[in-house]
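So the chains spell out like this:
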Amino acid sequence: MMRSMYSAVSGLKTHQTKMDVIGNNIANVNTVAFKSSSVVFQDVLYQMTSNASGANAATGTGGVNAKQIGLGVTTGATNLSITTSGAAETTGRAFDIRLSDQSTTNFFVVNNGSENLFTRAGSFYVDGAGNLCMTSTGYTVMGWQVDPTTGNIKKDTVSALRVMQTSNLTSAPEATTQANVSGIIDKNDKDVLSDNGLVKTLTFFDNLGYSYTARFAMKSTGTDGKYTVELEKILNSDGTTFYDPETSNVVLSDIFGAKTTNATLGTYSQVQSGYYYDSATKQFYVGSDTNGKKIFWDSATNSFKDRQTPATTHSLKQVYGISNAMVAKITGKKANATVENGTLTITGDVTDYAIDFSTKDGTFSGVGERDTYNADGSVNKAGSKANTVTLNMSKLGNNPTQFDDITIDFSGLKDANNGGKSTAVMSTGSIDDGVTGKGKKLGAMIGISIDNNGLITGTYDNGNKETLGQIAVAQFANASGLEKVGENCYRTTLNSGEFDGIGVEISADGSSMTSGELEMSNVDLSTEFTQMIITQRGFQANSRIITTSDTLLEELVNLKR
């Protein structure tokens, strides 16, 4: 009689345990990456009232089974549904990461300050020290660091991922090493025809990330398909002069250009309004015809003088409209002016490069040294040309390593009619991709991203991307054997297998990480409610055993009346 009561009591206790597990599952229905549990029952001891006997051939009787009475139920196991993934929840946060398993259950490795624990909850953030941590506990996320010598991930013992340490907040600058010129040069462009030329600028960087701007001038030589390019000066980022060939001790030909002696700097065949040249008499006049005052060219003073009053002079700028820059060269004895048959020709030494184009289709032919000519106009020596020339910045600066030389590719230019407007532009970077050799300033971190392999990459405002570390994962021979320690974490046990301290790359078996998502709880409410009903009925049935046994005992006691 008492056995049934004790069996029923064990049934009540065991069903209560199952209800406790169901209650915990439902309580954590919205817990990130929670794994549901289930209870497995097993029967307990059996009391033997009669042993089994075998068949007796002599008497012709058969065998008899043992007579056993069960003594109740107990909890056989609590199964953890750890290999079943929960649904994905999109958060949009860069540090929310969901593990997508392919053939093996993966776990993040975190450290609580004394030991490594394991979790599926990928809700992370960067703390004040720059460490990647769990948002719920502050446990640091473990992974592999970057080898400073190679810049690659070094897969050794996992350590805390400090993704925003001081050394990661900036990205090293890069000196500019390549530049290119592209667009159209129109020979009818007024700027190209002027003494100042078509001015174009090129902004570049030194090895420390400081920026400079070089000013170039492209000019027409007066011959179809032939132009020149010269370096005027180089400016600091604040607009002050860094290099001026007029005042610097470093000669211009060492920086940019080939020096040509007695080159034609300009030819002017038309006098300005207010002056007249009579080709028949080869006389100059003030006015619009031969009725004006006669003036003559005086090579000694590089000016025109009045024949009647020689003290009255007329400058080259007044008569021919030459630029102030050209006037400065003549007065500074850096250029010579001659007037023959009404044409002003200015010659002098010049440091520049020639840019040649095909006169047939305007395609680029080469850039380099000027051609030299004989007195009859025939070519004496053709200058060597290529697609590129070099801006020798390594010869400037405070030390030889401040700058790298810049190779400038002019092959993107074309000589064509564009309505008198040139579209030529100078840009840093290779002409092929516009990126190689472009140069960069010191970069400040503007973002961090985590890819499908757990690789953490920093993005900087100079366009650089640098690897900051990689999140490692742990895999176990028996993930269900892990011990739950609360706070969404697990600890290894003798039955789960050990963690080797290094971990594995998540993509090793085709698994991946997804940034901006979290794994939801895998609790199935429909299953839990069903189990709740079954558990309730089981508990109710066991309670009926106790009340029924109590009634029987009461009847037994009442027999003595």
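See the structure printed just above.
Each value, and the rule that gives it
Residues numbered from 1 in each chain as written. Predicted model: local features only at pLDDT ≥ 70, side-chain atom pairs only at ≥ 80, totals over all residues. Heavy atoms only, no water. Patch = residues over 30% accessible without salt bridge, like charges linked within 9 Å, V, L, I, M, F, W, Y side chains within 5 Å. Areas by Shrake-Rupley, 256 points an atom, 1.4 Å probe, with all protein chains shown as cover. Salt bridge = Lys/Arg side-chain N within 4 Å of Asp/Glu carboxyl O. Helix = DSSP H or I, 4+ residues; strand = E, 2+ residues; numbered from the N terminus. Buried < 20%, exposed > 50% of the residue type's maximum accessible area, 1.4 Å probe, protein only. Pairing = 2+ DSSP bridges. 1 Å grid on protein atoms, 1.4 Å probe; cavity = no way out; pocket = protein on both sides within 12 Å on 5 of 7 lines; lining within 4 Å. Points joined across faces, edges and corners; volume = space filled by probe spheres on them. Nonpolar A, V, L, I, M, F, W, Y, C, P; charged D, E, K, R; others polar. Axes fitted to C-alpha atoms, helices over the stretch in contact; angles between N-to-C directions. Core = buried A, V, L, I, M, F, W, Y, C linked by side-chain atoms within 4.5 Å. Contact = heavy atoms within 4.5 Å. Expected span 1.5 Å × (residues − 1).

1. Quick word on a nonpolar patch on the surface
Thought 1: Residues V44, L45 and L71 make up a contiguous nonpolar surface patch of about 250 Å² in total accessible area.
Thought 2: By secondary structure assignment, the location of L45 is in the loop between β1 (37-43) and β2 (46-50).
Thought 3: Taking relative accessible area as the criterion, L45 reaches 61% and is therefore assigned exposed.

2. Some details on the sheet that holds strand β23 (residues 303-306)
Thought 1: If you walk across this open sheet you meet the five strands as β20-β21-β22-β23-β24, and the pairing is antiparallel. Strands at the two margins of the open sheet, each flanked by one partner only, are β20 (275-278) and β24 (313-314).
Thought 2: In this sheet, strand β21 (residues 283-286) lies alongside β20 in antiparallel orientation, the contact comprising four bridges. Pairing of Y275 across the sheet is with V286, part of β21.

3. Overview of the pairing of strand β27 (residues 364-368)
Thought 1: In terms of residue burial, β27 counts as a mostly covered element, since four of its five residues are buried.
Thought 2: Taken together, the four bridges between strand β26 (residues 343-357) and β27 define a ladder with antiparallel strand orientation. Paired with A354 across the bridge in β27 is G368.
Thought 3: Where β26 folds back on β27, the antiparallel hairpin that results is connected by six residues, among which G362 adopts a positive phi of roughly 80 degrees.

4. A look at the layout of surface pockets
Thought 1: Estimated volume of the largest pocket: approximately 1100 Å³.
Thought 2: Counting residues per element, the lining of the largest pocket draws most heavily on strand β19 (residues 258-268), at nine residues.
Thought 3: For the lining of the largest pocket, the per-class residue count stands at 14 nonpolar, 21 polar and nine charged.
Thought 4: Empty space within the second largest pocket amounts to approximately 800 Å³.
Thought 5: Along the walls of the second largest pocket sit 24 residues, with E230, P245, E246, L252 and K329 positioned nearest its centre.
Thought 6: Where the lining of the second largest pocket is concerned, the elements lending two or more residues are β17 (226-236), α3 (252-255), α5 (324-331) and β26.
Thought 7: In the lining of the second largest pocket, the residues fall into nine nonpolar, four polar and eleven charged.

5. Here's the deal with the pattern of salt bridges
Pairing between side chains of opposite charge can happen when the charged atoms of each approach one another.
Thought 1: The tally for this structure, following the rule as stated, stands at 17 salt bridges.
Thought 2: The partner of E232 in a salt bridge is R215, with the nearest N and O atoms 3.3 Å apart. Here E232 is found in strand β17, whereas its partner R215 is found in strand β16 (residues 211-220), with 17 residues between them in sequence.
Thought 3: A salt bridge links K385 to D356, with the shortest nitrogen-to-oxygen separation between them at 3.4 Å. Taken together, the residues span a long stretch of sequence, with K385 in strand β30 (residues 385-386) and D356 in strand β26 at a distance of 29 residues.
Thought 4: Three or more residues joined by partner-sharing salt bridges are found here, namely K35, D101, R120 and E519.

6. Considering the pairing of strand β36 (residues 465-471)
Thought 1: Relative to β36, strand β11 (residues 140-146) is paired through two bridges, and the arrangement is antiparallel. Its bridge partner being in β36, G143 is matched across the sheet by I471.
Thought 2: Of the strand pairs in this sheet, strand β35 (residues 455-460) and β36 are connected by five bridges, and their pairing is antiparallel. Each bridged residue has a counterpart across the sheet, and for I456 the counterpart in β36 is G469.
Thought 3: Where β35 hands over to β36, the hairpin turn is made up of four residues, of which G463 adopts a positive phi near 95 degrees.

7. Quick look at unusual backbone geometry
Thought 1: With a phi close to 55 degrees, K282 is a non-glycine residue in the positive phi region.
Thought 2: Its identity as a non-glycine residue notwithstanding, K333 has a phi of 60 degrees, on the positive side.
Thought 3: Within the fold, K333 resides in the loop between α5 and β25 (336-340).

8. Description of the sheet that holds strand β31 (residues 388-391)
Thought 1: Taken in spatial order, the four strands line up as β31-β32-β14-β33 in an open sheet, and their pairing is mixed. If you trace the sheet from one side to the other, it starts and ends with β31 and β33 (425-428), each paired once. Neighbouring strand axes in the sheet, compared pairwise and without regard to direction, differ in orientation by 25 degrees on average.
Thought 2: Where strand β14 (residues 178-185) lies against β33, four bridges are found, and the strand directions are antiparallel. When the sheet's bridge partners are listed, S182 is paired in β33 with V425.

9. Quick notes on the nonpolar core
Thought 1: F216, L231, L391, I408 and F410 are the most contacted members of the largest nonpolar core, which has 36 residues in total.
Thought 2: Not counting the four nearest positions on each side in its chain, L391 is found in contact with F204, F216, L231, I255, F256, D405, I406 and I408.
Thought 3: In this structure, M134, L161, V163 and I471 belong to the second largest nonpolar core, which totals 24 residues.

10. Quick look at helix α6 (residues 525-557)
Thought 1: The end-to-end C-alpha separation of α6 is 48 Å, in line with the 48 Å expected for 33 residues at 1.5 Å each.
Thought 2: For α6, the full list of buried residues reads E528, T535, G538, N542, S543 and S549.
Thought 3: Tucked inside the fold, the buried residues of α6 contact α1 (2-27).

11. So, the environment of F107
Thought 1: Mapped onto the fold, F107 is located in strand β7 (residues 106-111).
Thought 2: Sequence separation between F107 and A479 is 372 residues; the distance between their C-alpha atoms is 9.4 Å.
Thought 3: Contact partners of F107, with chain neighbours within four places excluded, come to I82, L99, F118, T119, R120, A472, V473, A474, F476, A479, L482 and Y490.

Function cannot be inferred from these measures alone, as they are strictly geometric.
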